[in-house]
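Take a look at the letters that make up each chain.
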Amino acid sequence: MELLEALKTYFGYDSFRPGQEAVVSALCSGRDVAAVMPTGAGKSLCFQLPALLLEGITLVVSPLISLMRDQVAALVQAGIPAAFFNSALTERQYALALERARAGRYKLIYVAPERLGTERFLDFALHAEIALLAVDEAHCVSQWGQDFRPHYLEIPDFAARLPRRPVVGAFTATATQAVRRDMRELLQLRDPYEIVTGFDRPNLFFAVRHGREQDKRAWLLEFVKRHGEDSGIVYCATRKKVEEVCALLKAEGVPAGRYHAGLEQEERGRSQEDFLWDRIRVMVATNAFGMGIDKSDVRYVVHYNMPKDMESYYQEAGRAGRDGEKAECVLLYSSADEQTARFLIQQDRENEALDEAQLEQVRRRDYTRLRRMSGYCHTGDCLRRYLLEYFGETPPGRCGSCGNCLEQQEAVDVTAQAAAILRC
Ligand code: ADP
Ligand code: MG
C-alpha cells in the first residue's frame, strides 16, 4: 500500500508532517532510524504506521505509564490492536495480555524498559516475531539528557537476543550532539537514517541585552510598559529575585503575579489561573512555572537572569507565541548571573542517589552546558543559528531578524551612511 494511502486509511490524516514520511519509509525498508523532532511533531505516528505495514509485532519502549496508557487508548479507539505491559497491570491482567500477545492478537505492544529483561517477557519475546523495536523518549539512554533511565541501556542486549534482530527506531525531542551520539552508540543503531526537524520557531524574535542590575530594572519596566496589555512571562533564577521583580512591577502599577515553589499550592494555583484568564498581565516566576501550562497568546518571555543551560532556555522562551503570532524572547545578562548559575549547579540536590564520584561527573556535565549557555549570551553571531545548531540543526545562514543580526545590519547601514557623507 502506498504510504499516504495507509496514513489516510489507518489514521485519517490527509498529509504527513515534516519528516514523518521519510522515517516511515526508512523503517519499512528495514533501516534503523534516529529521529529528533520537537514535542508535538508527531513522532508516535512514525513508528505506529510502520507497525501496521510490517509483518510481525512492534514493541514500543516507553518510560512513562501515562504516555503508554494514552497512546494505547487512542490506538484501540482507532481500531488498531495494541496493549501495554507495565506495572499498572495486575498479575492476572498481565498473564491474560501475554496470552493474547502469544496468540498474535496485538500489532503494537508498549513495554516499560524494566520489563524487557524479565524472564516472563523474554519467554514471550523470544518466541514472537518482532519486526520493529521503537524506542520512544530515547534520550533516556543518555546521562547527558534530563531523564536518564538506566534500564534503557539494556535495550540493545534485548534486541540482540531475539531470534532476528528487529529494525530499531529511536525517537526523542531533546537532542544535543552528545545525546544524539549516545542514542546512536548506546542503543547500537546500525547505519541509522538520521533526521532532525523543525526546531525553528520563525515567529519568535531572540535578543540578549547586557547590563547590571539597575539597567535590567529600567529596561524591564520600559519593556513591560511598552507592551501594554500583552501577556508575558518574566523568568528569574531565584525565588528572592521573583519577589523583588514582582514588587518592582506592582509598584509601577503593572498587574503582575508571582510563581515559585516556595509559595503555598493555593497561591500558585490562583496565580496560574489569573494569568490564564488575563487577570494579571505579567507572570514573574522561577522555572517551576510552565510545566503543562498552555497559554497560546504569550507575547514575550523575558529572562531576567541567564538560565543554567540551553535546553531550559529554549523550553522556557518557547512558551512565547504558541499561537504563531510574533513574540519576543529577551535574555537580560549580567556577569553576576554566571555566579548564580554556578551556585545553583553546586546546590543541585536532584540526584541524591548518586555517590560523590558520579555527582562530580554530573556537575562537570552541568558546567559544560552552562558554558554553552554563556556562549549564547556572548556571541555576536546570529542567535537563532546558535540555538538551532545547539539542537543539532544546520540552518542555512544568519536569520537576519534576531537582535544580533539587526544590530549588525544597523552597523552596516551606519557605515554606508558615513561613507556616503564622506563621498559628498
Ligand atoms: P510527539 O510524540 O512528537 O510529541 P505525538 O506523536 O504525540 O507527538 O503527536 C502530536 C499530535 O499530532 C497528535 O495529536 C497526533 O495525532 C497529531 N498528528 C501526528 N501526525 C499527524 C499528521 N500527519 N497529521 C495531523 N495530525 C498529526
Ligand atoms: Mg511522543
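Going by an unreviewed UniProt entry, the protein carries the name DNA helicase RecQ and comes from Lawsonibacter hominis. According to UniProt, the comment filed for the protein under the heading Sequence similarities (unreviewed entry) is "Belongs to the helicase family. RecQ subfamily." UniProt annotates the protein under Catalytic activity (unreviewed entry) with the comment "Couples ATP hydrolysis with the unwinding of duplex DNA by translocating in the 3'-5' direction."

With that settled, the discussion passes to the overall build of the protein. Scanning the protein from terminus to terminus reveals 16 helices and 13 strands. Taken over 424 residues, the protein has a buried fraction of 37%. Intrachain contacts of the protein at a sequence separation of at least 6 include 73% that bridge at least 24 residues.

A separate point is helix H14 (residues 356-378). An ideal rise of 1.5 Å per residue puts 33 Å on 23 residues; H14 measures up with 33 Å between its terminal C-alpha atoms. Among the residues of H14, those classed as buried are Arg-369, Leu-370, Met-373, Tyr-376 and Cys-377. Where H14 is buried, its residues meet strand E8 (204-210), helix H12 (310-317), strand E13 (327-333), helix H13 (335-347) and helix H15 (383-390).

Next up on the list: the environment of Phe-47. Tracing the sequence through the fold places Phe-47 in helix H3 (residues 43-53). Classification of Phe-47 by C-beta neighbours within 10 Å gives buried; the count is 26. Put simply, Phe-47 and Thr-58 are 11 residues apart on the chain and 8.2 Å apart in space, counted from C-alpha to C-alpha.

Ordered in space as E8-E13-E12-E9-E11-E10, the 6 strands form an open sheet in which the pairing is parallel. The sheet terminates laterally at E8 and strand E10 (256-259), the two strands that pair on one side only. Taken over all neighbouring pairs, the strand axes of this sheet differ in orientation by 15° on average, direction set aside. Two elements, E10 and strand E11 (residues 282-285), share 4 bridges in a ladder whose sense is parallel. In the strand pairing of E11, Gly-257 is matched with Met-283. Sheet strands touched by H12: E8, strand E9 (231-235), strand E12 (298-303) and E13. Its angle to E12, the strand with the most contacts, is close to 150°.

Looking now at the site of ligand 1. Close to ligand 1 lie Tyr-13, Phe-16, Arg-17, Gln-20, Met-37, Thr-39, Gly-40, Ala-41, Gly-42, Lys-43, Ser-44 and Leu-45. The element that contributes the greatest number of residues to the shell around ligand 1 is H3, accounting for 3 residues.

On to the nonpolar core, then. Formed by 56 residues in total, the largest nonpolar core has its most connected members in Ala-35, Ile-109, Val-111, Val-135, Ala-170 and Leu-187. Among the elements that make up this core, the one with the highest residue count is strand E5 (residues 130-135) (6 residues). Sequence-distant contacts of Val-135, defined by excluding residues within four places in its chain, comprise Val-61, Ile-155, Val-168, Gly-169, Ala-170, Phe-171 and Leu-187. Judged by nonpolar contacts, the second largest core, of 54 residues, contains Val-302, Ala-341, Leu-370 and Cys-382.

Close contact between H13 and H14 brings their axes to 10 Å; oriented N to C, the two are set at 160°. Classified by the interaxial angle, the pair formed by H13 and H14 is roughly antiparallel. As H13 runs across H14, the sense of the crossing is right-handed. The residues of H14 that touch H13, namely those facing Glu-338, Ala-341 and Ile-345, are Arg-363, Asp-366, Tyr-367, Leu-370 and Ser-374. The residue inventory of the contact of H13 with H14, partitioned by class, reads 4 nonpolar, 1 polar and 3 charged.

Procedures and definitions
- For every chain, the first residue of its written sequence is number 1, and the numbers climb from 1 along that sequence.
- Whichever chain is written first is A, and whichever ligand is written first is 1; the rest continue in order.
- Per-residue local features are limited, in this predicted model, to residues with pLDDT of at least 70; the limit for side-chain atom pairs, both in listing and counting, is 80 or more; totals at the level of whole chains, interfaces and linings are taken over all residues.
- UniProt positions are given in the numbering used here, feature names are shortened, and annotations may be inferred rather than shown by experiment.
- In this text, helices come from DSSP runs of H or I with a minimum length of four residues, and strands from runs of E with a minimum of two, each type numbered from the N-terminal end.
- Whether a residue is buried, exposed or partly exposed is read from the other C-beta atoms within 10 Å of its own C-beta, which are placed from the backbone; 20 or more gives buried, 12 or fewer gives exposed, and intermediate counts give partly exposed.
- Contact criterion: two residues are in contact if their C-beta atoms, reconstructed from the backbone, are within 7 Å.
- A helix is expected to span 1.5 Å multiplied by its residue count minus one.
- Following DSSP output, two strands are said to pair if at least two bridges run between them.
- What counts as an axis is a line fitted to C-alpha atoms, over the stretch in contact for a helix, and the angles between N-to-C directions run from 0 to 180 degrees.
- Proximity of a residue to a molecule or strand is defined by its backbone-placed C-beta atom lying within 6 Å of that partner.
- When buried Ala, Val, Leu, Ile, Met, Phe, Trp, Tyr and Cys residues are joined through C-beta atoms within 7 Å, the set is termed a nonpolar core.
- Angle categories: roughly parallel below 35 degrees, roughly antiparallel above 145, roughly perpendicular from 65 to 115, and oblique for all the rest.
- For a crossing to be left-handed, the near helix must be turned anticlockwise from the far one by less than a right angle; the clockwise case is right-handed.
- Amino acids outside the nonpolar list (Ala, Val, Leu, Ile, Met, Phe, Trp, Tyr, Cys, Pro) and the charged list (Asp, Glu, Lys, Arg) are all regarded as polar, and Gly is one of them.

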